[in-house]
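# Breakdown of the fold
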There are 2 protein chains.
Amino acid sequence: MTYCVGLMLNKGLVFMSDTRTNSGIDNISTFRKMHTWEVPGERSITLMTAGNLATTQAVVSLLDERSKQPGDRHPGILEAASMFQVATLVGNVLKEVISTHAQTGQQANSAFNATMILGGQVGDGEPRLFLIYPEGNFIEASFDTPFFQVGETKYGRPILVRAYDPDMSFEDAIKLLLLSFDSTIKANLSVSLPLDVHVYHAGSLQSGEIFRIEADDPYYETISSGWGSALRDAFHGLPDFTFPAETVQRATGS
Amino acid sequence: MTYCVGLMLNKGLVFMSDTRTNSGIDNISTFRKMHTWEVPGERSITLMTAGNLATTQAVVSLLDERSKQPGDRHPGILEAASMFQVATLVGNVLKEVISTHAQTGQQANSAFNATMILGGQVGDGEPRLFLIYPEGNFIEASFDTPFFQVGETKYGRPILVRAYDPDMSFEDAIKLLLLSFDSTIKANLSVSLPLDVHVYHAGSLQSGEIFRIEADDPYYETISSGWGSALRDAFHGLPDFTFPAETVQRATGS
């Protein structure tokens, strides 16, 4: 499993992905699931992947190769004229890779599927964020749906829904994402640190802060342990429940 | 979908279930998923069901009929000598019902599966809580794993894990469960109010408070709206994130 989130803010885009992959619980590895391409002053593109590792690695390798071969029949993601074209390209490559593996050679029981979050900015366009399906089609984030999650999405969703604000700072967005990841990591063994982060500043047309939060990161540990007591305080701060009068009479037999 | 939780406390057992069933998003109904049997002074047994509605209703009807026919070859759940025997009986009935529908007549694409939470107390035994699988086998809660969820379990799990305490009062347990249900209801349209509640007092050997929390319940509304701002306060109360120095230099190009 995997957990990746792409968040759209007024200030730009924030991407966070975990690094754990597993093929059965006795075969666990660390792989990078976040990939960034840039042409400074012209474009910055980030892709996060969830699903079959062979599929996602093949997609990233093909995108890489095509970005280095300008004569290829496909324009590479470094030449595509807009984020929409980049998303179309990535979707097509993803669909091709899946269908190649699905139709030839040995058949596997598990699907070769993968789902991807793509975000960035190209030239005069706005920063854009897409969710790309295994079928190669995609949807785009808006301020009604300002973030996309892929992988193990459920545990970490309630806090995102409650605390997201499009005006929040990058620092607050990272804090929020760490809480969402912490809820997921606590519940699902197949999602784990280290976490990769990319903060893209709207209009900068170059990659922003790219860094990795390691398993022993002191800030993550502070957030993770502090959140438990903060939640308990919030819980106790809410008004207390009292039983409806008629049920109490029933229970006490009076 | 469905969401049901059974919680084991030092003071007793708390059960909460939603009431929404759906067969496609355009076919939504309200059905009771919590069923309680009692022989005051001797036993109280509560069953909550998730899964195929035809299966779960058949199981409950069979349990009901057998409890009224003492001469049946199966002892009914009102005669079984322990909670373990009750769980065995419910598991067997569940397995029978599923296999009957799976092997005869028209085949459906969706499974006839169901999963159940069973809890209560019989005679001199302790209060016990079980999770019963479609295969008819079951596991029992302990103070390492003090609660069971069935149905749409993920959204509501983080708050349970963080705030559960075996010493908590019944009132606090209901508040906690309402928060867990609220997170689930906000995320999944197929889980919804009204909610059924049963609070079983350890050693009472009779049903405790049984009541329904309706869709317009003022306490639920207070909790639901208050939790959003309480979470945001908790979020802002945690220490702020600061970017690692080297990444800031990279991003500003200095």
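Residues numbered from 1 in each chain as written. Chains lettered and ligands numbered in written order. Predicted model: local features only at pLDDT ≥ 70, side-chain atom pairs only at ≥ 80, totals over all residues. Heavy atoms only, no water.

## Here we look at the relation of the copies chain A and chain B
- For the pair chain A and chain B, the best superposition has an RMSD of 0.0 Å and corresponds to a rotation of 180 degrees with a translation of 0.0 Å parallel to the axis. Here the two chains are linked by the operation of a two-fold rotation axis. Across chain A, the rotation axis passes nearest the C-alpha of Tyr155 of chain A, at a separation of 2.5 Å.
- Both copies present the same face, since 100% of the interface residues in chain A are matched by interface residues at the equivalent positions in chain B. (Least-squares fit on C-alpha atoms with pLDDT ≥ 70 in both. Contact = heavy atoms within 4.5 Å.)

## Here's the deal with the confidence of the model for chain A
- Taken residue by residue, chain A gives an average pLDDT of 90. The fraction at 70 or more is 92%.
- When mean pLDDT is compared element by element in chain A, strand S2 (residues 12-17) of chain A scores highest at 98, while helix H6 (residues 245-252) of chain A scores lowest at 64. (pLDDT = per-residue confidence, 0-100. Helix = DSSP H or I, 4+ residues; strand = E, 2+ residues; numbered from the N terminus.)

## Focus: the sheet that holds S2 of chain A
Residue and element names in this part refer to chain A.
- If you trace the five strands from one edge of the open sheet to the other, you get S10-S1-S2-S11-S12, paired in antiparallel fashion. The open sheet has two edge strands with one neighbour each: strand S10 (147-151) and strand S12 (209-213). Adjacent strand axes in the sheet meet at a mean angle of 10 degrees, parallel and antiparallel pairs treated alike.
- With five bridges connecting them, strand S1 (residues 3-9) and S10 associate as antiparallel partners. Bridging from a neighbouring strand, Leu7 pairs with Phe147 of S10.
- Relative to the sheet, helix H4 (residues 170-187) contacts S1, S2, strand S11 (195-201) and S12, its axis offset from that of S2 by approximately 25 degrees. (Pairing = 2+ DSSP bridges. Axes fitted to C-alpha atoms, helices over the stretch in contact; angles between N-to-C directions.)

## Focus: the nonpolar core
- Of all hydrophobic cores here, the largest spans 78 residues; its most connected members are Ile174 and Trp227 of chain A together with Ile174 and Trp227 of chain B.
- Not counting residues up to four positions away in its chain, the partners in contact with Ile174 of chain A are Val14, Met16, Val197, Val199 and Phe211 of chain A together with Phe241 and Phe243 of chain B. (Core = buried A, V, L, I, M, F, W, Y, C linked by side-chain atoms within 4.5 Å. Buried < 20%, exposed > 50% of the residue type's maximum accessible area, 1.4 Å probe, protein only.)

## With respect to the side chain of Arg162 of chain A
- Within the fold, Arg162 of chain A resides in helix H3 (residues 157-163).
- Polar side-chain contacts of Arg162 of chain A include one of 3.3 Å to the backbone oxygen of Ser224 of chain B.
- Setting aside its immediate chain neighbours within four residues, Arg162 of chain A contacts Asp182, Lys186, Ser224, Trp227, Gly228, Leu231 and Arg232 of chain B. (Polar contact = N/O pair within 3.5 Å; in protein donor to acceptor, adjacent residues only side chain to side chain.)

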